[in-house]
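Breakdown of the fold
These are the residues of each chain, in order.
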Amino acid sequence: MNSNTTIFRYVLSVCYSGLMILTSLAPLCGQSGMASPAAYVNPMIGASTSVGEAGIYHGLGKTFPGATTPYGMVQVSPNTITGGDNGSGYSDEHTSIEGFAFTQMSGIGWYGDLGNFLVMPATGPLRTFAGTLENPSEGYRSLYDKASEKASAGYYSVFLEKYKVKAEMTAAPHSGIMRFTFPAGSHSRIQIDLARRVGGTASEAFVRVVDDHTIEGWMKCTPEGGGWGDGVGKADYTVYFYTKFSKPLRDYGVWTATIPDTASRKREAVTSAAYQRRVAAARVLAGQRSFTEKHIGFYTEFATGNQENVFMKTGISFVSQEGARENLMAEIKDWNFDRVHHQAVDRWNKALGKIMIQGGSREEKTVFYTALYHTMIDPRNITDVNGDYPGGDGRPHQAKGFTKRTIFSGWDVFRSQMPLQTIINPALVSDMINSLISLAEQTDSSYFPRWELFNAYTGCMIGNPAVSMIADAYSKGIRSYDLQKAYQYSLGTVRKFDNGPQGYTPGGLSISETLEYAYADWCLSVLAADLGKSADARLYANKAMDYKHIFDKEKHWFRPKNKDGSWQRWPENGRLTQNYGTIESNPYQQGWFVPQDVDGMVAMMGGPEKVKNDLTYMFEHTPENFMWNDYYNHANEPVHHVPFLFNRVGAPWLTQQWTRRICAGAYHNKVEGLVGNEDVGQMSAWYVLAAAGIHPVCPGDPRYEITSPVFSKIRFKLMAPYASGKNFTIIAKNNSEKNIYIQSAKLNGKPYNKCYLMHSDMAAGGTLELVMGDRPNKSWGAEP
């Protein structure tokens, strides 16, 4: 090498280092010196499953704090627990970490799933089982320094006290990279538990050494291994991986636990002491280059100098081994951890930049952009870079004209999450509809799933939420899918799950199911009318009125019915009785769910004034912290539209008052900052919309209720060809913690006295200007 080449390379390295420094500062600098959106994201918000803190078995937010990209396939995140109702695999109050997984779910209960490919950097003797929260020293799990934990958009790091290792991780859409800073030692190690799965275990796994830096393999996860609903959710998927290490594979091997064919592989069995003793006694097979068994792991050992960085990068696919390899090679070609991190931040800034805000406090901005971040985890992309995706028939398919997406938490997300995406990510909504259509075709089903997880018709929750999503998308001009197939499967869905000829659903969920099915029938009637199917339109418009069949005029409220038409016994606590004809609610909360016919519901309940007073009573009896309660229970979905009903009874100032209180009381910049499960984006989407000053009551009707924005300016970036305008801006003049009431409004410079906005108004672009004050103006927007 000549001296000129040496000088050139030195200058190049200095320039590159400078660029990296500037890039690292970029997320903190935006227009007018304001922090960019990603800089406000705090992934620790909601990262707790604690039942104790929540006061209810549902726990708190159940989010994960690790690194991911917008709607990415990979989530590289710490895991603290396998068993229990811990969907994200992590809870902040736990004092030890069992490893870092490459797949996670966000904000869900029902025992959870994913949490696959669990990686742990370690030193000293090899341990083959994790150990327990109570006795972490028994296994490979490690106590960690809580003060060292750092989480931001696209990045996570922590210091593991047992091993004196700093673990850092970041992600690309289909892959992730880890950087481990080891102490000096001759027995440093990276070990991978290939059996690990939140809420259960992989049923079988395979690993193969490809070359002296590479391994590949798969983990098969079936209902027999627990997972979603402890197997009841029928989750059945295979995770393929392709992994490279910066250190050569010289001292490596596998471990395998002997699991009898008769042994249960469900959640309680897997987490039992007896099962874990089998794992702790696993055989270690040094130098094994290829292995397949029910419960296995892989390790590679090496010597490290003090503070030596060791890297590991992995591509994931749910289709094939080749897909995992191509995903990694396309996204992370070298060992430049910092570049992958900065690319992740750039992706987040672009995604979060679809809504720009001004005004509000630092805490409110953090809550807002973290909420928006949480709405961009799912429905995630499971299409490989080569276009392959896993089909509902168990075979690979090529995505043509759409991106295959998964994790449609229907009952939760049709209310706020999917309506939010119709504004800022309409192509994603189209993708989800195309994904469900392809699933119905590939499984020879005549209907859509309620809660889809990796092609599984999980049966979770109730109603027909896919029909709501399609009707809402169609009403807003999102139609880039096969309309006839969308209608065909929507019709099949409401035929399969409906209120029957009697006009109600009897049994233990009589109120919830009757109301949800009636709403879905209305959604179908809207689609039918627009597609010229007049007979179906009339039939389902009539069935949308089925809600009236379970309203007891004597009790002045909804009441569950038996199969023979008789009323079920009225309980001592009346409509405040949890689970009386309802799911995860009581009749008082569920009974407001007649979004398709609010006027008819109001008339049946005694008129606008009586309904306004009843709504006021509900909110005034709600605790200030909005935690789980029998009145306005913001911790769960059935009531999320209720604050906006004041708009529909001529009292919009009360919608303004209560949405501002909910935004301030139910959302905070702390681990316990969500009062209930995040539920795959729903809890956060409610905040994003309400804090921006709009929210739907009835998805399928392109009307948004106007309320009091938290911020002085909110700009939505619109997307062609779904919108003709480029931006829609909401300005709230004189806005403050006290000035929460709308005094007057202008739409595109013209006086505007309606308390609602149509989607077409937003899609055309323009400005809604609100003037705020500290007292209600009861004449503004009073016409519902």
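Structure first, text after, so check above.
Rules behind the numbers
- In this numbering scheme, every chain counts its residues from 1 along its sequence in written order.
- Local features in a predicted model are, by the rule used here, given only for residues with pLDDT of at least 70; side-chain atom pairs are given and counted only at 80 or more, and totals for whole chains, interfaces and linings are based on all residues.
- No hydrogens and no water enter the side-chain calculation; it runs on all heavy atoms of the structure.
- Elements are defined by DSSP. Helices are runs of H or I of four residues or more, strands are runs of E of two residues or more, and each kind is numbered from the N terminus.
- Exposure classes here rest on a 1.4 Å probe applied to the protein chains alone. A residue is buried below 20% of its type maximum, exposed above 50%, and partly exposed in between.
- The criterion is simple. A nonpolar core is a set of buried Ala, Val, Leu, Ile, Met, Phe, Trp, Tyr and Cys residues joined through side-chain atoms within 4.5 Å.
- In short, DSSP must find at least two bridges between two strands for them to pair.
- Orientation is described by axes fitted as lines to C-alpha atoms, over the contacting stretch for helices, and by angles from 0 to 180 degrees between their N-to-C directions.
- Under this scheme an angle from 65 to 115 degrees is roughly perpendicular, one under 35 degrees roughly parallel, and one over 145 degrees roughly antiparallel; angles in between are oblique.
- In this scheme the crossing of two helices becomes right-handed for a clockwise turn of the near helix relative to the far one and left-handed for an anticlockwise turn of less than a right angle.
- The criterion used for residue contact is that any of the two residues' heavy atoms lie within 4.5 Å.
- Polarity classes work like this: nonpolar for Ala, Val, Leu, Ile, Met, Phe, Trp, Tyr, Cys and Pro, charged for Asp, Glu, Lys and Arg, and polar for all others, with Gly in that last group.
- The definitions used throughout rest on a 1 Å grid laid over the protein atoms alone, on which a cavity is an enclosed set of points accommodating a 1.4 Å probe that cannot get out and a pocket is an open set flanked by protein within 12 Å on both sides along at least five of seven lines; lining residues are those having an atom within 4 Å of a point.
- Grid points are joined across faces, edges and corners, and a volume is the space filled by probe spheres set on the points.
- Two N or O atoms count as a polar contact when they lie within 3.5 Å, although within protein this holds only if one can serve as hydrogen donor and the other as acceptor, and sequence-adjacent residues are included solely when both atoms are side-chain atoms.
- Ring geometry is summarised as follows: Phe, Tyr and Trp rings, the Trp one being its six-membered ring, pair when their centres sit within 6.5 Å, and such pairs are stacked at plane angles under 30 degrees, edge-to-face over 60 and tilted between the two.
- In this scheme, Lys NZ or Arg CZ marks a charge over a ring once it lies within 6 Å of the ring centre and within 35 degrees of the ring normal.

Once that is clear, we can look at the environment of Ala690. Within the fold, Ala690 resides in helix α20 (residues 682–692). Overall, Ala690 belongs to the buried group, its relative accessible area being 0%.

This brings us to unusual backbone geometry. Put simply, Asp378 and Pro379 share a cis peptide bond, and its omega is 5°. Residue placement: Pro379 occurs in the loop between α7 (362–374) and β22 (380–381). Cis geometry marks the peptide bond from Ala720 to Pro721, where omega comes out at 5°. Checked against the element boundaries, Pro721 lands in the loop between β33 (713–717) and β34 (727–733). The phi dihedral of Tyr71 falls on the positive side, at around 55°, and the residue is not glycine. Here Tyr71 is to be found in the loop between β1 (67–68) and β2 (75–79). With a relative accessible area of 7%, Tyr71 lands in the buried category. Residue Phe117 is not a glycine yet carries a positive backbone phi of 55°. Overall, the relative accessible area of 0% leaves Phe117 in the buried class.

As a further point, take the nonpolar core. Core analysis: the biggest nonpolar cluster contains 223 residues, and Trp592, Tyr687 and Phe716 have the highest contact counts within it. Ranked by residue count, the leading element in this core is helix α13 (residues 510–530), at 11 residues. Residues Tyr155, Ile177, Ala324 and Val340 belong to the second largest nonpolar core, which totals 13 residues.

Let us now look at the sheet that holds strand β32 (residues 703–706). The antiparallel open sheet is built from 3 strands, whose spatial order is β31-β32-β37. Either end of the sheet is taken by a strand with one partner, and the two such strands are β31 (694–695) and β37 (756–758).

So, on to the packing of α13 against helix α14 (residues 534–543). Between α13 and α14, the least distance of the axes is 7 Å, while the angle of their chain directions is 160°. Classed by the angle they form, the pair α13 and α14 counts as roughly antiparallel. You can see that α13 and α14 cross each other, and the crossing is left-handed. Of the residues in α14, those in contact with Ala518, Asp521, Trp522, Leu524, Ser525, Ala528 and Ala529 of α13 are Asp536, Ala537, Tyr540, Ala541 and Lys543. Split by residue class, the contact of α13 with α14 holds 8 nonpolar, 1 polar and 3 charged.

This brings us to the pairing of β33. The side-chain alternation of β33 yields one buried face, formed by Ile714 and Phe716, and one unburied face, formed by Lys713, Arg715 and Lys717. Relative to β33, strand β21 (residues 355–358) is paired through 4 bridges, and the arrangement is antiparallel. Bridge pairing in β33 links Met356 to Arg715. Note: β33 against β34, 5 bridges, orientation antiparallel. Of the residues in β34, the one forming a bridge with Phe716 is Phe728.

With that out of the way, let us pick up the layout of surface pockets. Estimates place the volume of the largest pocket at around 560 Å³. Every residue lining the largest pocket is counted, 25 residues in all, and those nearest its centre are Pro70, Tyr71, Lys354, Arg405 and Asn425. Broken down by secondary-structure element, the contributors of at least two residues to the lining of the largest pocket are α6 (337–352) and α10 (426–442). Among the elements that line the lining of the largest pocket, the one with the most residues is α10, at 4 residues.

Relative to the elements of secondary structure, Ser88 occurs in the loop between β2 and β3 (96–97). Here the side chain of Ser88 touches Tyr90 through a polar contact of 3.1 Å, landing on its backbone oxygen. Sequence-distant contacts of Ser88, defined by excluding residues within four places in its chain, comprise Thr49, Lys62, Thr63, Phe64, Asn79, Gln104 and Met105.

Another point: the packing of aromatic side chains. Under the criterion given, the structure shown has 42 aromatic pairs. Aromatic pair Phe551 and Phe558: ring centres 5.2 Å apart, planes at 85°, arrangement edge-to-face. Per residue, the accessibility class of Phe551 equals that of Phe558, and both read buried. The rings of Tyr40, Phe368, Tyr369, Phe644, Tyr667, Trp686, Tyr687 and Phe711 are connected pair by pair, giving a single aromatic cluster. The residue whose ring lies beneath Arg415 is Trp411, and the NZ or CZ to ring-centre distance is 4.7 Å. Over the aromatic face of Phe593 sits the side chain of Arg415, whose NZ or CZ is 5.5 Å from the ring centroid.

Quick look at helix α11 (residues 465–475) now. Most of α11 is tucked away, with 10 of its 11 residues classed as buried. What α11 keeps buried is the set Pro465, Ala466, Val467, Ser468, Met469, Ile470, Ala471, Asp472, Ala473 and Tyr474. Two residues or fewer past α11, Gly477 is found with a positive phi of approximately 80°.

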